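# Structural features, examined
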Amino acid sequence: MKVSYNWLKDYLDIDLPWEKVSEILTDIGLEVEGEEQTESVKGGLKGLVVGEVTFKDKHPGADRLSVTKVNIGAEEELSIVCGAPNVAQGQKVVVATVGTMLYPSEGEPFKIKKGKIRGEVSEGMICAEDEIGLGASHDGIMVLPSETAVGTPASEFFKVEKDTIFEIGLTPNRSDATSQLGVAKDLAAALKINHGHSGKVNEPDVSGFTVDNNAMPIEVVVENTTACPRYAGVSIKGVTIAESPEWLKKRLRALGVATKNNVVDITNFILHELGQPLHAFDADEIDGNKVIVKNLADGSKFTTLDDVERELSGEDLMICDGASNGMCIAGVFGGTKSGVKDSTKNIFLESAHFNATSIRRSSTRHLLRTDAAKCFEKGSDPNLCLYALKRAALLIKELAGGEIASDVVDIYPNPVAKAEVSVKFSHVNRLIGDDLSKDEVRNILAAMEIDILNEDGDDFKVAIPTNKVDVIREADVIEEILRIYGLNKVAIPTQVKSALTYGLQPDPFKIKNIAGDYLAYNGFNEMMAVSITESKYFKEILPIDESQLIYINNTANMHLDVMRPSMLFSGLEAILHNQNRRSADLRLFEFGHTYVKKEDDYVEDEHLTLFMTGQRYSEGWLNKDKEQVTFYTLKTYVMNLMARLGLSGFQESKSENDVFGFGMKFHRGPQVLVELGRVKGKLTKAMDIKHPVFYADFNWDLILRALRKHKIDFVELNKFPAVRRDLALVLNTTVKFNEVEAIAKKTGKKMLKAVNLFDVFEDADKLGEGKKSYAISLVFEDVTKTLKDKDVDKVMNQMIQNFENKLGAIIRK
């Protein structure tokens, strides 16, 4: 939210440096996230001065140009070539000197340079109003009053106003500070309590509001009082739509609000001044002189001010005319037909209070995040409607003419009273952590316009202003007191108190760091993707049951419409992004969550994913063959990571996951710890990825669960020598190494320390069709003695027999 310091000064008699104001605003919970120094005219008219044309003659080389001499109060007059038809000797004009940056009303800024125009020297520029951002006219140069002093800076003559704009990070609970006046009141309270200020706020006076006649009454009917608890309005007849005065345009431009005409600008001004959205209707477009606040049928069509035809929901609250034609989406956006136009003569001015939830839903449903909708969403003050209505009506009479042509309509069936909250003085000091006297508490509450209804010893009851919709409990009242008292005044405790806590074992944070460190040390880069993704991935590229998708209403990025059920596409998007920037050799990992819907339950799981693509090693003279990443490259890192975490005793089998062209999984029974493989070519092709991608998906929740039973045993290094035996087995090509390894370990038991596959040979002519040869090494140890050949031979013979019987192996001699 933007706050103008000059606008605050309209309500407060202060002249503090803007830096001090910024500090105070942050201290009271209106955190200033940034400041911007602005001028009422862009560029502040720097480098522009008042000059007098002392000489004018026709340009010798161009009929439409003039050669002039201009006195700007310097030692020497300036020679300036001017193309304006109205330039004349003796005029007082605005001169842009050499080096001045000009900011025209339209187009890009440009810098004035000394040069020659058709052979004549030009040392500046005599300006038209559009060339310096003061208007739209380009009929000729600006001619100033003859009494204007030469050398006067243009910023001084045109009274350029400098301002500081504070960008406040307004939290959702601060409904009382959604306006310039609301911020001024909060600031006044802090200034009164902590800085000796009177605390007086100069609020706009509406006592002059009177009804001129009842010539144009508009009937109002509110059918949905839940969505519209209060609706007020008044008719104004005989207005003249014109450009707003400069002071009004300055106020709106300071906040980045575009100006349109006097009536529309006034409604925007009141929105930002008071935090009460208003809407002005062209009264002549209201069929039947009747306004009906109601919900239209689901699917009804309505064209908004941006000329977009929208399909309404039955939940959208509408402002309709007497024929039930929609004129406005209540509290959100107006319609094309009933809006104020240049030809408008009579208006009906609306000031209403709408239900925050209803406005939020309509606003997000139609992607109309207007200032009015945001204000209602935070919770507007229902008791401000009439004051804002009268304030706007008086301004319209002042700036657009006309007369109040009806009584004020005010439909408020269930008035909202101030909430009453009981508080204890002792609780104030206990929660704040400082010793506030009762008088200090009373003064702070009075400064915030919070009335004390009664006191009884330690107890007191307060009435909360209706603009503080979030202050409903004792703790909320104490928080308000603390904001104004000042967090920086609370003494720092001299004692440090601590308590012993018991955390989960193993520590999930520590385990995650171990895994992340291992991967980072091996050249992987950690990525962090958002948890929302595009549903088309799971409808068109990798189809899953749509009932499992969790849809969200994402108004900011509509294509990101589901919570991700898999982390695969997050990695593929990152690979594509890097590939398009000529970075194809990638090793990525991500810790994240997946989300699926199962029947009536929502399931969130944590995962660790790995992605590898491109060359195995970085480009260099040692990598002349440009070896590419393979499935086994990824498998090596997966197995080493599991070993680093201390995971063992899992089985290996083929993965049936549709993600993989070929893949495998490590599991314990039905619980799959990790799946890995090469991503199917059709998936990478659909994502426009040019190289094969290898992907591993760890179920991190199951990994942590498995580690809870993991114990670390320390054993003495074996002092007896190991024995190695090599064995060549001819097997069917369908037999996998893990089957060989399992039989070897079961037979060798504790004596067998390691099994390694060091060669694979396939040759149909030498081995036969469908056959392959595995060369394996077997390492034996005994921690109690030196092994003899007969000990090892006994185990080897049993192992060979098992290979022959269970795998149909032939032992190569």
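In this text, all values refer to a predicted model and were calculated from it rather than measured experimentally.

In this section: the overall build of the protein chain. The number of helices and strands found in the protein chain is 21 helices and 42 strands. Compactness check: the protein chain gives a C-alpha radius of gyration of 39 Å against a globular reference of 28 Å for 813 residues, more than 25% above the reference. Along the first, second and third principal axes, the C-alpha set of the protein chain runs to 120 × 90 × 65 Å. Across the 813 residues that make up the protein chain, the buried fraction comes to 46%.

The next thing to look at is the packing of helix α2 (residues 18-27) against helix α4 (residues 180-194). Packed helices, taken two at a time, are described by the angle between their axes plus the distance between the axes. Contact geometry for α2 and α4: axes closest at 10 Å, N-to-C directions at 95°. Classified by the angle between their axes, α2 and α4 sit roughly perpendicular to one another. Side by side, α2 and α4 meet where Val21, Ile24 and Leu25 of the first sit next to Val183, Leu187, Ala190 and Leu191 of the second. Of the residues assigned to the contact of α2 with α4, the class counts are seven nonpolar, no polar and no charged.

Within this structure, the stated rule accounts for 42 salt bridges. Across the pair Arg230 and Asp410 runs a salt bridge, and its minimum N-O distance is 2.8 Å. A residue pair is termed long-range when its members are at least 10 positions apart, and Arg230 in strand β15 (residues 230-237) and Asp410 in strand β25 (residues 409-411) qualify at 180 residues. With a relative accessible area of 5%, Arg230 lands in the buried category. Owing to a relative accessible area of 32%, Asp410 belongs among the partly exposed residues under this scheme. Among the salt bridges present, the one from Arg360 reaches Glu377, with a minimum N-O distance of 3.5 Å. Here Arg360, found in helix α7 (residues 356-365), pairs with Glu377, found in helix α8 (residues 371-378); they are 17 residues apart in sequence, far enough to count as distant.

Attention now moves to the pairing of strand β14 (residues 219-222). Two faces belong to every sheet, and in a regular strand the side chains alternate between them. The alternating pattern of β14 places Val220 and Val222 on a buried face and Glu219 and Val221 on a face that is not buried. Across four bridges, the pairing between β14 and strand β17 (residues 290-295) is parallel. Considered in β17, the bridge of Val221 is made with Ile292.

If you walk across this open sheet you meet the seven strands as β29-β33-β34-β38-β37-β36-β35, and the pairing is mixed. The open sheet has two edge strands with one neighbour each: β29 (525-526) and β35 (651-654).

Turning next to helix α16 (residues 631-645). Structural remark: α-helix, 3.6 residues per turn; residues separated by three or four positions point the same way. The first and last C-alpha atoms of α16 sit 21 Å apart over 15 residues, in line with the 21 Å expected at 1.5 Å per residue. At the C-terminal side of α16, Gly646 shows a positive phi close to 90°.

As a further point, take the packing of aromatic side chains. In the structure shown here, the tally under the stated rule is 17 aromatic pairs. Their ring planes at 85° and their centres at 5.4 Å tell us that Phe524 and Tyr637 sit as a pair that is edge-to-face. Here Phe524 is found in the loop between α13 (508-521) and β29, whereas its partner Tyr637 is found in helix α16, with 113 residues between them in sequence. Comparing Phe524 with Tyr637 shows no difference in burial state: the two are buried. Ring pairing ties together the aromatic residues Trp7, Trp247 and Phe269, which thus form one cluster. A cation sits over an aromatic face here: Lys9 above Tyr5, 4.4 Å from the ring centre. The cationic tip of Arg587 hangs over the ring face of Phe524; the distance from NZ or CZ to the ring centre is 6.0 Å.

Moving on to the pairing of strand β27 (residues 451-456). Direction of pairing for β27 relative to strand β28 (residues 459-464): antiparallel, over a ladder of five bridges. Bridging across to β28, Asp456 finds its partner in Asp459. The antiparallel pairing of β27 with β28 creates a hairpin that spans two residues between the two strands, and Gly457 there sits at a positive phi of about 65°.

In this section: helix α9 (residues 385-400). The end-to-end C-alpha separation of α9 is 21 Å, in line with the 22 Å expected for 16 residues at 1.5 Å each. Taken together, the buried positions of α9 are Cys385, Ala388, Leu389, Arg391, Ala392, Ala393, Leu395, Ile396 and Ala400. In the core, the buried residues of α9 are packed alongside β15, α5 (246-254), α6 (262-274), β16 (278-282), β23 (346-353) and β24 (403-404). Positive phi appears at Gly401, one or two residues downstream of α9, with a value of about 75°.

The next thing to look at is the packing of α13 against α16. Taken N-terminus to C-terminus, the directions of α13 and α16 make an angle of 140°; their axes are 10 Å apart at the nearest point. Crossing hand, α13 versus α16: right-handed. Here Ile511, Ile514, Ala515, Tyr518 and Leu519 of α13 come into contact with α16, specifically with Tyr637, Asn640, Leu641, Arg644 and Leu645. Its residues placed into classes, the contact of α13 with α16 shows eight nonpolar, one polar and one charged.

Turning our attention to the sheet that holds strand β20 (residues 317-320). Read across the open sheet, the five strands follow the order β14-β17-β20-β21-β22; overall the sheet is mixed. Unpaired on one side and paired on the other, β14 and β22 (333-334) mark the two borders of the sheet.

This part takes up the side chain of Arg310. As for its placement among the helices and strands, Arg310 is situated in strand β19 (residues 309-311). You can call Arg310 buried: its relative accessible area is 12%. Looking at Arg310, its side chain comes within polar contact range of the side chain of Thr304, at 3.0 Å. A polar side-chain atom of Arg310 sits 3.1 Å from the main-chain carbonyl oxygen of His366.

Moving on, we get to unusual backbone geometry. Although it is not a glycine, Lys159 adopts a positive phi angle of roughly 50°. Tracing the backbone through its elements, the reader meets Lys159 in the loop between α3 (154-157) and β13 (162-168). Even without being a glycine, Glu449 presents a positive backbone phi close to 60°. One can find Glu449 in the loop between α11 (438-447) and β27. Overall, Glu449 belongs to the partly exposed group, its relative accessible area being 43%.

Right, let's talk about the side chain of Ser122 for a bit. Its place among the elements puts Ser122 in strand β10 (residues 120-122). A polar side-chain atom of Ser122 sits 3.3 Å from the main-chain carbonyl oxygen of Gly124. Those residues within four positions of Ser122 in sequence are excluded, and the remaining contacts are Ser79, Ile80, Val81, Lys113, Lys114, Gly115 and Ile117.

In this section: the environment of Glu75. Locating Glu75 in the fold gives a position in the loop between β4 (62-71) and β5 (78-82). With a relative accessible area of 85%, Glu75 lands in the exposed category. Sequence separation of Glu75 and Phe425 is 350 residues, and the distance between their C-alpha atoms is 73 Å.

What follows deals with the environment of Lys237. By secondary structure assignment, the location of Lys237 is in strand β15. Considered as a pair, Lys237 and Ala215 are 22 residues apart in the sequence and their alpha carbons are 8.4 Å apart. For Lys237, the residues in contact, after removing those within four places along its chain, are Ala215, Met216, Lys345, Asn346, Gly402, Glu403 and Ala405.

Mapped onto the secondary structure, Ile266 falls in helix α6. A residue is classified by how much of its surface remains accessible, and Ile266, at 1% relative accessible area, is buried. Separated by 197 residues in sequence, Ile266 and Ala463 place their C-alpha atoms 32 Å apart. Setting aside residues no more than four positions away along its own chain, Ile266 makes contact with Leu248, Ala392, Leu395, Ile396 and Leu399.

Definitions and limits used
Residues numbered from 1 in each chain as written. Predicted model: local features only at pLDDT ≥ 70, side-chain atom pairs only at ≥ 80, totals over all residues. Heavy atoms only, no water. Helix = DSSP H or I, 4+ residues; strand = E, 2+ residues; numbered from the N terminus. Rg over C-alpha atoms; globule rule 2.2 N^0.38 Å. Buried < 20%, exposed > 50% of the residue type's maximum accessible area, 1.4 Å probe, protein only. Axes fitted to C-alpha atoms, helices over the stretch in contact; angles between N-to-C directions. Parallel < 35°, antiparallel > 145°, perpendicular 65-115°, else oblique. Contact = heavy atoms within 4.5 Å. Nonpolar A, V, L, I, M, F, W, Y, C, P; charged D, E, K, R; others polar. Salt bridge = Lys/Arg side-chain N within 4 Å of Asp/Glu carboxyl O. Pairing = 2+ DSSP bridges. Expected span 1.5 Å × (residues − 1). Phe/Tyr/Trp six-rings, centres within 6.5 Å; stacked < 30°, edge-to-face > 60°. Lys NZ or Arg CZ within 6 Å of the ring centre and 35° of its normal. Left-handed = near helix turned anticlockwise from the far one by under 90°. Polar contact = N/O pair within 3.5 Å; in protein donor to acceptor, adjacent residues only side chain to side chain.

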